[in-house]
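These are the residues of each chain, in order.
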Amino acid sequence: MISNLYQATVILCSTLYFNINQRVIEAVQTLCNFDDNENYWNRNVQRKSKICTKVSREIDQLCYLHRITTQAAQRITRILSVSLMLTTLFHFVVVITEVYYNYISLVSGLRAGHYDLYVQSLASLGFIIMCIVQFYHSISFSGHMTKRAEATAIFLNEFFLSDVDQCVERSIEIFTLEMLHHDYRLRMFDCFTMDGTLAYAAAATMTSYLVMLIQFGLVNH
């Protein structure tokens, strides 16, 4: 339940970032159009100034939307941090335990001549796959959301060759500086980051524990 709520929050914020990026691309494309016909825009300075003012307001609004989306994602993550950490720890212990006992039971049964143990392991295997898939989705959605949030700065500064008013330059500069000084990765009490590094660390740790447990288990059996 907690994992599903977290995933729904991340997907919603990722969608909001996508919409913000689309509006940023449209605003920057408007600025880039000034280079298509410089003579025309040089003769229509007043119209160009109005367009720049409109784009500047649009960028300021997008900056605000980007900020509150980030704050909402981080606040909800902070609220769910304890439950998510406990859920992740539970899945970690369950996967290690289920894999260990199923492997030991299967090997011991084959040594004893029992060949009907495969059916009994299917339920445990299904539960293990469910835990891994749920964990992977949480990590994958979080990483995808972070990439979309950070991509806004790239889209925003594709206008740099265009001749624009100071109000637009100031709006883009404020938006860019705000993004450069902000970490968009979701963290759980600063213990770990919800991205691909956590998946690699979890896989390496579980593999190490399983190797040690299976070695001791096979010796005892």
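None of the values given here were measured: they were computed from a predicted structure. (Residues numbered from 1 in each chain as written. Predicted model: local features only at pLDDT ≥ 70, side-chain atom pairs only at ≥ 80, totals over all residues. Heavy atoms only, no water.)

Concerning the overall build of the protein chain
Note the cut-off: Comment: elements are numbered from the N terminus, with helices defined as DSSP H or I runs of at least four residues and strands as E runs of at least two. Burial classes follow relative accessibility: with a 1.4 Å probe on protein chains only, a residue under 20% of its type's maximum area counts as buried, one over 50% as exposed, and anything between as partly exposed. Whether two residues touch is decided by their heavy atoms; if any such pair falls within 4.5 Å, the residues are in contact. The accessible surface values rely on the Shrake-Rupley method and a 1.4 Å probe; as for residues, cover is taken only from the protein chains in view.
Along the backbone of the protein chain there are 6 helices and 2 strands. The order of α-helices and β-strands along the protein chain, N terminus first, is α-α-α-α-α-β-β-α. Every one of the 221 residues in the protein chain was classed for burial, and the buried ones make up 36%. In the protein chain, of all internal contacts separated by at least 6 residues, the share reaching a separation of at least 24 is 84%. Roughly 13,500 Å² of accessible area belongs to the protein chain as shown, and the carbon and sulfur atoms make up 61% of that amount.

Details of the side chain of threonine 70
As for its position among the elements, threonine 70 is in helix α3 (residues 45–112). For threonine 70, a relative accessible area of 5% gives the class buried. Contacts of threonine 70, omitting those with residues within four sequence positions, involve Tyr17, His182 and Tyr184.

Regarding helix α5 (residues 166–180)
Each full turn of the α-helix corresponds to 3.6 residues, which orients residues three or four apart in the same direction. Note the cut-off: Take the number of residues in a helix, subtract one, and multiply by 1.5 Å to get its expected span. Arc definition: directions from the helix axis to the C-beta atoms.
Spanning 15 residues, α5 covers 21 Å between terminal C-alpha atoms, matching the ideal 21 Å at 1.5 Å per step. All of the buried residues along α5 are Cys167, Val168, Ser171, Ile172, Phe175, Thr176 and Met179. Down the axis of α5, the smallest arc covering the buried residues is 160°, so these residues share one side. Among the exposed residues of α5, those oriented more than 90 degrees off its buried face are Gln166 and Leu180.

Section: the confidence of the model for the protein chain
We count it as follows: Confidence of the prediction at every residue is given by pLDDT, a number between 0 and 100.
Overall, the predicted model of the protein chain reaches an average pLDDT of 80, with 82% of residues at or above 70. Confidence, expressed as mean pLDDT per element, reaches its minimum in the protein chain at helix α2 (residues 38–43) with 62 and its maximum at helix α1 (residues 2–32) with 88.

Observations regarding the pattern of salt bridges
What counts here: By definition here, a salt bridge exists when the distance from a side-chain nitrogen of Lys or Arg to a carboxyl oxygen of Asp or Glu is within 4 Å.
Applying the stated criterion across every chain, the model contains 4 salt bridges. We note a salt bridge from aspartate 183 to arginine 185, for which the minimum N-O separation is 3.2 Å. By relative accessible area, which is 32% here, aspartate 183 ends up partly exposed. Owing to a relative accessible area of 33%, arginine 185 belongs among the partly exposed residues under this scheme. What emerges from the salt-bridge pattern is a single network uniting Asp183, Arg185 and Arg187.

Some points on the layout of surface pockets
Short version of the rule: Within this scheme a cavity is a closed region of a 1 Å grid, computed over the protein atoms alone, that accommodates a 1.4 Å probe without allowing it to escape, whereas a pocket is open but has protein on both sides within 12 Å along at least five of seven lines; lining residues each have an atom within 4 Å of a point. Grid points are joined across faces, edges and corners, and a volume is the space filled by probe spheres set on the points. Lys, Arg, Asp and Glu make up the charged group, whereas Ala, Val, Leu, Ile, Met, Phe, Trp, Tyr, Cys and Pro make up the nonpolar group; the residues left over, Gly among them, are polar.
Empty space within the largest pocket amounts to approximately 390 Å³. Around the largest pocket, the lining is made up of 18 residues, and of these Thr88, Phe92, Phe135, Ala202 and Met206 lie nearest the centre. If you list the elements that add at least two residues to the lining of the largest pocket, you get α3, α4 (118–156) and α6 (196–220). Residue contributions to the lining of the largest pocket peak at 7 residues, all from α6. The class makeup of the residues in the lining of the largest pocket is 15 nonpolar, 3 polar and no charged.

Section: empty space enclosed by the protein
The full count for this structure, using the stated rule, is 1 cavity of 30 Å³ or more. What lines the largest cavity is simply Ser3, Leu84, Thr87, Thr88, His91, Gln134, Phe135, Ser138 and Met194. Taken together, the elements giving at least two residues each to the lining of the largest cavity come down to α3 and α4. When residues of the lining of the largest cavity are assigned to their parent elements, the largest contribution, 4 residues, is made by α3.

Examining a nonpolar patch on the surface
Short version of the rule: For patches, a residue must show more than 30% relative accessible area and have no salt bridge; joins then use 9 Å for like charges and 5 Å for nonpolar side chains, namely Val, Leu, Ile, Met, Phe, Trp and Tyr.
A grouping of Leu122, Leu125, Ile129 and Val133 is seen on the molecular surface, where their side chains present a nonpolar patch of about 350 Å² in accessible area. Looking at the secondary structure, you find leucine 122 in helix α4.

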